[in-house]
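Structural characterization, general
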Amino acid sequence: MRVIASLALFLASALPAVAENVLSEASGNWAGESGEGFSFLARLTQNEDMARLVIWGGNPGSAALAEGEPQFDNPVIALGAFATKQALEVVEGADGSVLQIVTDYADEEGTGRIVTELQFLDNQFTVVGYHHTGELAGKAFACDVDLWKMTAVEDGETRVLEPVGFEALNASDWTWDAAYERGFCHRAE
């Protein structure tokens, strides 16, 4: 009996405490339509009230696999609470692929959609765009940020953002409210 109890305890301690709830997966090639760059596999999972993004890389010409140490892991990159849909989408262009984290949400105060855009540039997972549209307490709002051009369009008005260094756009420390905390967007009053 002790052997069975010891074995059960050992197996329980070897297994993860909670299984990941996979929300979405997407794969592609960072070079875009040419397919001549590094491949990737991205997975979005539930992490309490947040969404976690993990990305594994592969070599040109071979598919990336969800094995071993990931190249990227941000456990708080997107809001998970109140999400009605969370998905990863890949937009391929001639100049490269963009990985989008799409979150539709609804709560007692409003509804909206947040799209965070990432690219793999110069060995860094880089946030290149952020789009948040919705309605809060009956009032519509929109903020579209283009971090290539360093511009933001909020409710139809365009403004030029203060230039930031390349490292400031690293997706490793991007959080669900980073666009507001960094002044790219303003909170609805």
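Before reading further, recall that the structure is shown in the block above.
What you are looking at is a predicted structure, and each value in this text was computed from that prediction instead of being measured.

Description of the layout of surface pockets
One number sums up the size of the largest pocket: a volume of about 640 Å³. If you trace the largest pocket, you find 28 residues lining it, with Tyr 105, His 132, Leu 136, Phe 141 and Tyr 180 closest to the centre. Only strand 7 (110–121), strand 8 (124–136) and strand 9 (139–146) provide two or more residues apiece to the lining of the largest pocket. Broken down by element, the lining of the largest pocket gets its largest block of residues, five residues, from strand 9. When grouped by side-chain class, the residues that make up the lining of the largest pocket number 15 nonpolar, four polar and nine charged.

Here's the deal with the pattern of salt bridges
Applying the stated criterion across every chain yields a total of seven salt bridges. Between Arg 182 and Asp 173 there is a salt bridge whose closest N-O contact spans 3.4 Å. Here Glu 181 ties to Arg 187 by a salt bridge, and the two come within 3.0 Å at their closest N and O atoms. According to the relative accessible area criterion, Glu 181 is exposed, its value standing at 56%. Beyond isolated ion pairs, a larger network of salt bridges with shared partners links Asp 177, Glu 181 and Arg 187.

Digging into the sheet that holds strand 5 (residues 83–93)
Read from one edge of the open sheet, seven strands run 5-6-7-8-9-10-11, paired in antiparallel fashion. The outermost strands of the open sheet, each flanked by one partner alone, are strand 5 and strand 11 (157–160). Neighbour-to-neighbour, the strand axes of the sheet open up by a mean angle of 15°, direction not taken into account. Pairing of strand 7 with strand 8 involves twelve bridges; the strand directions are antiparallel. In the strand pairing of strand 8, Thr 116 is matched with Tyr 130.

Definitions and cut-offs
- Residues numbered from 1 in each chain as written.
- Predicted model: local features only at pLDDT ≥ 70, side-chain atom pairs only at ≥ 80, totals over all residues.
- Heavy atoms only, no water.
- 1 Å grid on protein atoms, 1.4 Å probe; cavity = no way out; pocket = protein on both sides within 12 Å on 5 of 7 lines; lining within 4 Å.
- Points joined across faces, edges and corners; volume = space filled by probe spheres on them.
- Helix = DSSP H or I, 4+ residues; strand = E, 2+ residues; numbered from the N terminus.
- Nonpolar A, V, L, I, M, F, W, Y, C, P; charged D, E, K, R; others polar.
- Salt bridge = Lys/Arg side-chain N within 4 Å of Asp/Glu carboxyl O.
- Buried < 20%, exposed > 50% of the residue type's maximum accessible area, 1.4 Å probe, protein only.
- Pairing = 2+ DSSP bridges.
- Axes fitted to C-alpha atoms, helices over the stretch in contact; angles between N-to-C directions.

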